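# Secondary and tertiary structure notes
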Amino acid sequence: MKNEESPWKSLSSEVKYSNPWIEVVEHQVINPGGGKGIYGKVHFKNIAVGVIPIDENGNTWIVGQHRFPLDEFSWEIPEGGSPLGEDLVVTAKRELKEETGLEAETYELILKMHTSNSVSDEIAFVFLAMGIRQGNSSLEETESDMQIKKLTFSSVYEMVMNGEITDSMSVAGILKANAIINQE
């Protein structure tokens, strides 16, 4: 929910870096206490979309790859970027198919989140996918090291609880899916 009037005042803005996915902007500001300062903002040019597929036996799939910014391997739910204006379900279907080869009959939006709202405007949506069918994946060049694991959903939940899954969308989505599953 946006406030009608922000307690922050932007005096000027300058793009410091831009590529097809992000833009880094430095703002000269007056903060809510009246002091002058700077604020850096990472603007995302796509919407983040994640998918948690669950089959009729309670299994799910996670993907793992080496993440350059962290310089470490990361287990995650299938996820990717949705171009502005693209239907989020279209993105969810594409990312699930690309990364795992899976297709689903239904996609239910279970989560909307801001991934790091102190420095970024990235918004993320996570879907629960049901009615799973196996097909063939088609990984992108940057995903050529990707690994895929099929596990029980309870095992993936335990990976979150044990700190083995740390990606913010994955953690939040798995915790939310667990709450939904345990309500049923």
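The shown structure was predicted, so the numbers you read here are calculated from the model rather than taken from an experiment. For every chain, the first residue of the written sequence is number 1, and numbering continues from 1 onward in sequence order. Side-chain atom pairs in this predicted model are given and counted only at pLDDT of 80 or more, local residue features only at pLDDT of at least 70, and totals for whole chains, interfaces and linings cover all residues. Side-chain numbers here rest on the full set of heavy atoms in the structure, without hydrogens or water.

This part is about the environment of V24. Under the scheme used here, helices are H or I runs from DSSP no shorter than 4 residues and strands are E runs no shorter than 2 residues, and both carry numbers assigned from the N terminus. As for its position among the elements, V24 is in strand β2 (residues 22-30). For V24 and Q147, which are 123 residues apart along the polypeptide, the C-alpha to C-alpha distance reads 31 Å. For V24, the contacting residues outside a window of four places in its chain are E14, V15, K16, Y17, K41 and V42. Residues are treated as being in contact if the distance between any of their heavy atoms lies within 4.5 Å.

In this analysis an axis means a line fitted to C-alpha atoms, helices contributing only their contacting stretch, and an angle means the value between N-to-C directions, from 0 to 180 degrees. Packing of helix α2 (residues 153-161) against helix α3 (residues 168-183) leaves a shortest axis separation of 10 Å and a crossing angle of 130°. As the angle between them shows, α2 and α3 are arranged oblique. For the element pair α2 and α3, the recorded crossing hand is left-handed. Where α2 abuts α3, its residues F153, V156, Y157, V160 and M161 lie against V171, I174, L175, A177, N178 and I181. Gly counts as polar in this scheme, as do all residues outside two lists: the nonpolar Ala, Val, Leu, Ile, Met, Phe, Trp, Tyr, Cys and Pro, and the charged Asp, Glu, Lys and Arg. Taken together, the residues that form the contact of α2 with α3 break down as 10 nonpolar, one polar and no charged. Orientation is classified from the angle alone, with under 35 degrees giving roughly parallel, over 145 giving roughly antiparallel, 65 to 115 giving roughly perpendicular, and any other angle giving oblique. In this scheme, a crossing is called left-handed if the near helix is turned counterclockwise away from the far one by less than a right angle; it is called right-handed if the turn is clockwise.

On to the pattern of salt bridges, then. For this document, the term salt bridge refers to a Lys or Arg side-chain nitrogen within 4 Å of an Asp or Glu carboxyl oxygen. Taken as a whole and judged by the stated rule, the model has seven salt bridges. The shortest N-O distance in the salt bridge between E86 and R94 comes to 2.9 Å. By relative accessible area, which is 27% here, R94 ends up partly exposed. Of the charged contacts in the structure, one is a salt bridge between E103 and R133, with a shortest N-O distance of 3.4 Å. Here the residue E103 occupies a position in strand β8 (residues 102-114), and R133 occupies one in strand β9 (residues 123-134), the gap between them amounting to 30 residues. By relative accessible area, which is 40% here, R133 ends up partly exposed. Within this structure, E86, R94 and E95 form a network of salt bridges that share partners. Three labels apply to residues, based on accessible area from a 1.4 Å probe with only protein chains included: buried if under 20% of the type maximum, exposed if over 50%, partly exposed otherwise in between.

With that out of the way, let us pick up the packing of aromatic side chains. For Phe, Tyr and Trp, where Trp contributes only its six-membered ring, two rings pair if their centres lie within 6.5 Å, and the inter-plane angle classes them as stacked under 30 degrees, edge-to-face over 60, or tilted in between. The final tally for this structure, using the stated rule, is two aromatic pairs. An angle of 85° between the planes, with centres 5.2 Å apart, marks the rings of W8 and Y39 as edge-to-face. On the criterion of sequence distance, the pair formed by W8 in the segment before β1 (9-18) and Y39 in strand β3 (residues 36-44) is long-range, its members being 31 residues apart. Note on Y39: relative accessible area 32%, which makes it partly exposed. With 5.1 Å between their ring centres and 75° between their planes, F73 and W75 make a pair best called edge-to-face. Relative accessible area serves as the criterion here: at 12%, W75 is assigned to the buried category.

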